[in-house]
Amino acid sequence: MGIAYRFKKMFGKETFNHIDITYLIESIKLIASNDHKVLAICLENTGSSFLGVKNATLNLFPNNTIFLPAYYGNITLTAKQFIELSDAIVNNGFKQVIISSLPISMNKLLDLLADRICVKVIFHGALSELANEKNETQFFNMIDLAQKGKIKKIGFVKSGLENWANSIFSISTCQLQLKPIATTSESPYVKTSEKINVGIFGNTSFNKNLYNQIAGALAIENVIIHTSLTTKFSEFGFDDRIIEYPFMDHLTFIQLISEMDINLHLSFSEGMGGQVFTESLAAGVPCLTSYNNEYLKHDNELLKLLTVEQYENPWQISKAIEQIISLDLSFLGRRLKDYSLIIEKEHEKLLESFLSN
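Remember, predicted model here, so these are calculated numbers, not experimental data.

Q: For this particular structure, what's the right way to read the overall build of the protein chain?
A: Per the secondary structure count, the protein chain includes 13 helices and 13 strands. Summarising its shape, the C-alpha atoms of the protein chain cover approximately 60 × 45 × 40 Å along the three principal directions. Expressed as a percentage of the 357 residues in the protein chain, the buried residues total 52%. Sequence-distant contacts, at least 24 apart, represent 65% of the contacts inside the protein chain between residues at least 6 apart. Counting every atom, the protein chain has about 17,700 Å² of accessible surface; 53% of that belongs to carbon and sulfur. The distance from the centre of the 32 positive side-chain charges to the centre of the 38 negative ones in the protein chain is 8 Å.

Q: How should the side chain of serine 269 be read in this particular structure?
A: In this structure, serine 269 sits in the loop between strand 12 (262-265) and helix 10 (275-282). We classify serine 269 as buried; its relative accessible area is 15%.

Q: Is there a simple way to explain the pattern of salt bridges in this structure?
A: Side chains bearing opposite charge may pair, as long as their charged atoms lie close to each other. Taken as a whole and judged by the stated rule, the model has 13 salt bridges. Its salt-bridge partner being glutamate 44, residue lysine 54 comes within 2.9 Å of it at the nearest N-O pair. Pair noted here: lysine 54 is in helix 3 (residues 51-60) and glutamate 44 is in the loop between strand 1 (38-43) and helix 3, with a separation of 10 residues, a long-range link. Across the pair arginine 335 and aspartate 299 runs a salt bridge whose closest N-O atoms are separated by 3.2 Å. Taken as a pair, arginine 335 in helix 13 (residues 329-355) and aspartate 299 in the loop between strand 13 (287-289) and helix 11 (300-306) lie far apart in primary sequence, 36 residues in all. According to the relative accessible area criterion, arginine 335 is partly exposed, its value standing at 27%.

Q: For this particular structure, what's the right way to read unusual backbone geometry?
A: Trans is the common state for peptide bonds, and a negative phi is the common state for residues other than glycine. In this structure, tyrosine 72 is a non-glycine residue whose phi angle is positive, near 50 degrees. Locating tyrosine 72 in the fold gives a position in the loop between strand 3 (70-71) and strand 4 (74-75).

Q: Whenever I open this one, the pairing of strand 12 confuses me. Can you help?
A: On a regular strand, each side chain points to the face opposite its neighbour's, so the side chains alternate between the two faces of the sheet. Here strand 12 shows a buried face lined by Ile262 and Leu264 and a second buried face lined by Asn263 and His265. Here strand 9 (residues 196-200) runs beside strand 12; their pairing, made up of 3 bridges, is parallel. Across the sheet, residue isoleucine 200 finds its bridge partner in strand 12, namely leucine 264. Pairing between strand 12 and strand 13: 3 bridges, direction parallel. Counterpart to asparagine 263 in the pairing with strand 13 is cysteine 287.

Q: What exactly am I supposed to notice about the packing of helix 8 (residues 210-218) against helix 12 (residues 314-325) here?
A: The axes of two packed helices give the description: the angle between them and the distance between them. Interhelical geometry of helix 8 versus helix 12 gives an angle of 60 degrees and a closest axis separation of 7 Å. Taken together, the axes of helix 8 and helix 12 are oblique relative to one another. At the point where helix 8 passes helix 12, the crossing takes the right-handed sense. Touching Asn212, Gln213, Ala215, Gly216 and Ala217 of helix 8 are Pro314, Ile317, Ser318 and Ile321, all from helix 12. Classifying every residue of the contact of helix 8 with helix 12 gives 5 nonpolar, 4 polar and no charged.

Here is what the cut-offs are and how they apply
Residues numbered from 1 in each chain as written. Predicted model: local features only at pLDDT ≥ 70, side-chain atom pairs only at ≥ 80, totals over all residues. Heavy atoms only, no water. Helix = DSSP H or I, 4+ residues; strand = E, 2+ residues; numbered from the N terminus. Buried < 20%, exposed > 50% of the residue type's maximum accessible area, 1.4 Å probe, protein only. Contact = heavy atoms within 4.5 Å. Areas by Shrake-Rupley, 256 points an atom, 1.4 Å probe, with all protein chains shown as cover. Lys, Arg positive; Asp, Glu negative; His and termini not counted. Charge placed at Lys NZ, Arg CZ, Asp CG, Glu CD. Salt bridge = Lys/Arg side-chain N within 4 Å of Asp/Glu carboxyl O. Pairing = 2+ DSSP bridges. Axes fitted to C-alpha atoms, helices over the stretch in contact; angles between N-to-C directions. Parallel < 35°, antiparallel > 145°, perpendicular 65-115°, else oblique. Left-handed = near helix turned anticlockwise from the far one by under 90°. Nonpolar A, V, L, I, M, F, W, Y, C, P; charged D, E, K, R; others polar.

Purely spatial values, then, with no claim about function.
What follows is the structure, encoded as structure tokens:
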């Protein structure tokens, strides 16, 4: 960041490559014209940064979301454009604005809207992220704004946080559950190869635990690993067993994980299991998870079957994979789809509760 930029920012004259926000204003008008009384606001992703939040927001509000131009979480709008945007939102008759994730760069827009319209916020993360000082500061800023009434309600995706925050901060909260999204194919599972296709997807952060999952899958001889992570394993005789994938759009990704025999999503922390996990189950493909969520709380047998307790132990991961692939995957797939229908009803009920006053 150059000296000239620092001075301009200091005096309120932020400078970015000029972005014409006419398309945002028109999007707001179009959403309002379709009789939507709720407008959701999220940031555009930069690669995998904010991609999960973007997909989650579209899951909750597929027809009434706008995405603000951003670079790694920093909104690339000027102070004047923030004012124009807030005026357009208020003047188009929305009853509620849902700010889906509240990075520091969103504070300006929230401040412009808070006294003019009902603003609610969705927190997609977990408290472990507060180890980052900037995240901690912003989290408690969100709590402070909720206590002052500027944020009317906070929706938490991570199970348990809604009860905890309501209890100790005396603020209005709600849990949110994403709707399970799967491919439209109703074809039953058919084994077409002696090889076992294992999907191990996620970003490259420590939290996603991909190395342990790849290591565990490699311990099974006839496994082909499909992954988004580049590792040194390929240099040690495993090149023909690991297929790497570039960044892809969401629908293409859902199709890919639906073609696996089993997916793994043993991350250290997730909101409600993680979208790889939930979308895999909705497609009827078993997916191993770690015990960091309540997604399978309605079925103790599935909970025990799909949860790997030692999810940082590659040998235990390999044994968990072997257990799953020894089962009738066609029967299991139908059961997972049925379970996803239960979650879909829960999603609708929780979203209705979040939007109610």
